[in-house]
Structures are given as C-alpha cells and as structure tokens.
Amino acid sequence: MTLRCEPWARANKRADKENLFSPEIRAEIDQWVAKYPEEWKQSAVMAALRIVQDDNGGYLTRELMDKVADYLDMPPIAVYEVATFYSMYELSEVGRHKICVCTNVSCMICGSENIVEHLQKRLGIKLGQTTEDGRFTLKEVECLGACGGAPMFQIGKQYYENLTPELVDSILDSLEQDNGE
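Residues numbered from 1 in each chain as written. Predicted model: local features only at pLDDT ≥ 70, side-chain atom pairs only at ≥ 80, totals over all residues. Heavy atoms only, no water.

**Things to note about the overall build of the protein**
A tally of helices and strands in the protein yields 7 helices and 4 strands. Listed by position from the N terminus, the elements making up the protein come as α-α-α-α-β-α-α-β-β-β-α. Looking at the protein as a whole, 44% of its 181 residues are labelled buried. Look at the contacts in the protein between residues 6 or more apart in sequence, and 63% of them connect residues 24 or more apart. When the accessible area of the protein is evaluated, it comes to approximately 10100 Å², of which 50% is carbon and sulfur surface. (Helix = DSSP H or I, 4+ residues; strand = E, 2+ residues; numbered from the N terminus. Buried < 20%, exposed > 50% of the residue type's maximum accessible area, 1.4 Å probe, protein only. Contact = heavy atoms within 4.5 Å. Areas by Shrake-Rupley, 256 points an atom, 1.4 Å probe, with all protein chains shown as cover.)

Below you can see the structure in the form of structure tokens.
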C-alpha cells in the first residue's frame, strides 16, 4: 500500500460523520473519544484504528484510515503515521490467527529464535508471511511487555509465555481444531 501525503483540506473530506462507520463502530470509538477533552479527541486514534481494523478482518485500508482521520478531525497523514509506526496495525490482509512472536532481548536470551524456527517449520512460512489456507500469519515484534515469561508470543488478545516447541505445538493444535473460529 502506498501512503502519500495529501493536503488536510482534500476535496473528498467527509463532512457527514454518521455515514463513516456503522452505529456500533461509532459508539465504540466514541467511548474512547469521551476519555479525552474535546480538543484532544485525536488521542483516541490508536483505539479507533484497532476498532476499525478488528471490524475489517484484521487489517486497515487507506480508505478506513481516511475515515478515522475524518471522524477524529485530524489530517490523514497523522493517522498514517500511527498506523505505520506501531506493529499492532496491519496494512494488508493477515491470517485468521496472527502470531506475534517477541524477539527482543529477554525473549532472545531465553530462546525465541528456536521458537521462530519451530513455527516456521511447522507452518511452512517465514516471518511476515501467511499460510496458503489463510489461517496463520507469523509476525516478528519487538516487545510485548511480558519479559518474565520469555520466550512468548501473542495470538489475538491472548499471551502465551514460557514457550517450548511442545507448548507451541499444543497451542497450534488447539487453533487448528477451532473449526474456523
């Protein structure tokens, strides 16, 4: 995806915010907006991106990022900067189960490279790739803040710590038996 800077006063800026997202998505974003003073509603951009990404099957499009910008009254480039900086946002389709493997210092010292090798062999993909059936995406991340349980990875909202190849296999087996959920 190519992200280029556009003037804030772009011609297709959406004025009717009620048509940007479904009522459910707007309500969820508004809960986050309400946590900040009116003049700081852009502070809800990270939550808004997560909500929109989750609703879109796990990834963001430029159109969705533009809608977030319009909804929060901020320049699109500011939204793109957030979406491209943080590893939790995806700009292309991902598998149903995105496996985020921490490879930072604590995990590295505790053997994350062995976990990555095992995952790559088991799934038949490299870091940054998705299995042909679309079930798994393997992603390297810098830190998930669970250093005491290193090595670890995150799938969805669930953290898995103190990983061994056997534990990884058990986790993947349970996901493979999830009947597509």
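Moving on, there is more to tell.
**Some points on helix H3 (residues 62-71)**
Here H3 lies mainly inside the structure; 9 of its 10 residues are buried. Along H3, the residues classified as buried are Arg62, Leu64, Met65, Asp66, Lys67, Val68, Ala69, Asp70 and Tyr71. Elements in contact with the buried residues of H3: helix H1 (23-33), helix H2 (45-55) and helix H4 (76-85).

**Looking at the pairing of strand S2 (residues 136-141)**
Buried residues dominate S2, accounting for 5 of its 6 residues. Relative to S2, strand S1 (residues 97-102) is paired through 6 bridges, and the arrangement is parallel. Opposite Ile99, over in S2, you have Leu138 as the bridge partner. (Pairing = 2+ DSSP bridges.)

**Remarks on the packing of H2 against H3**
Close contact between H2 and H3 brings their axes to 10 Å; oriented N to C, the two are set at 140 degrees. Classed by the angle they form, the pair H2 and H3 counts as oblique. The handedness of the crossing between H2 and H3 is right-handed. Where H2 abuts H3, its residues Val45, Ala48, Leu49 and Val52 lie against Leu64, Met65 and Val68. (Axes fitted to C-alpha atoms, helices over the stretch in contact; angles between N-to-C directions. Parallel < 35°, antiparallel > 145°, perpendicular 65-115°, else oblique. Left-handed = near helix turned anticlockwise from the far one by under 90°.)

**Here we look at the layout of surface pockets**
A volume near 720 Å³ is recorded for the largest pocket. Lining of the largest pocket is provided by 23 residues; of these, Gln53, Met88, Lys98, Gln154 and Gly156 occupy positions nearest its centre. Residue assignment for the lining of the largest pocket shows that the elements contributing at least two residues are H2, S1 and strand S3 (153-155). Residue contributions to the lining of the largest pocket peak at 4 residues, all from H2. Taken together, the residues of the lining of the largest pocket break down into 10 nonpolar, 8 polar and 5 charged. (1 Å grid on protein atoms, 1.4 Å probe; cavity = no way out; pocket = protein on both sides within 12 Å on 5 of 7 lines; lining within 4 Å. Points joined across faces, edges and corners; volume = space filled by probe spheres on them. Nonpolar A, V, L, I, M, F, W, Y, C, P; charged D, E, K, R; others polar.)

**Topic: the environment of Ala44**
Tracing the backbone through its elements, the reader meets Ala44 in the loop between H1 and H2. Residue classification places Ala44 among the buried residues on the basis of a relative accessible area of 1%. Here the alpha-carbon distance between Ala44 and Val33, two residues 11 residues apart in the chain, equals 5.4 Å. The contacts of Ala44, once residues within four sequence positions are left out, are Trp32, Val33, Tyr36 and Leu72.

**A word on the state of the cysteines**
Working definition of a disulfide: a covalent bond connecting the sulfur atoms of two cysteines. Enumeration according to the criterion identifies 0 disulfides in this entry. Of the cysteine sulfurs around Cys102, a residue in no disulfide, the closest is that of Cys107, at 3.5 Å. Unpaired in this structure, Cys110 has its nearest cysteine sulfur neighbour in Cys107, at a distance of 7.0 Å. (Disulfide = S-S within 2.5 Å.)

**Topic: the sheet that holds S2**
Spatially, the 4 strands line up as an open sheet ordered S2-S1-S3-S4, and their pairing is mixed. The two strands at the open ends of the sheet, each matched to only one other strand, are S2 and strand S4 (158-160). For this sheet, the mean inter-axis angle between neighbouring strands, taken without regard to orientation, is 25 degrees. As defined by bridge partners, S3 adjoins S4 across 3 bridges and the pair is classed as antiparallel.

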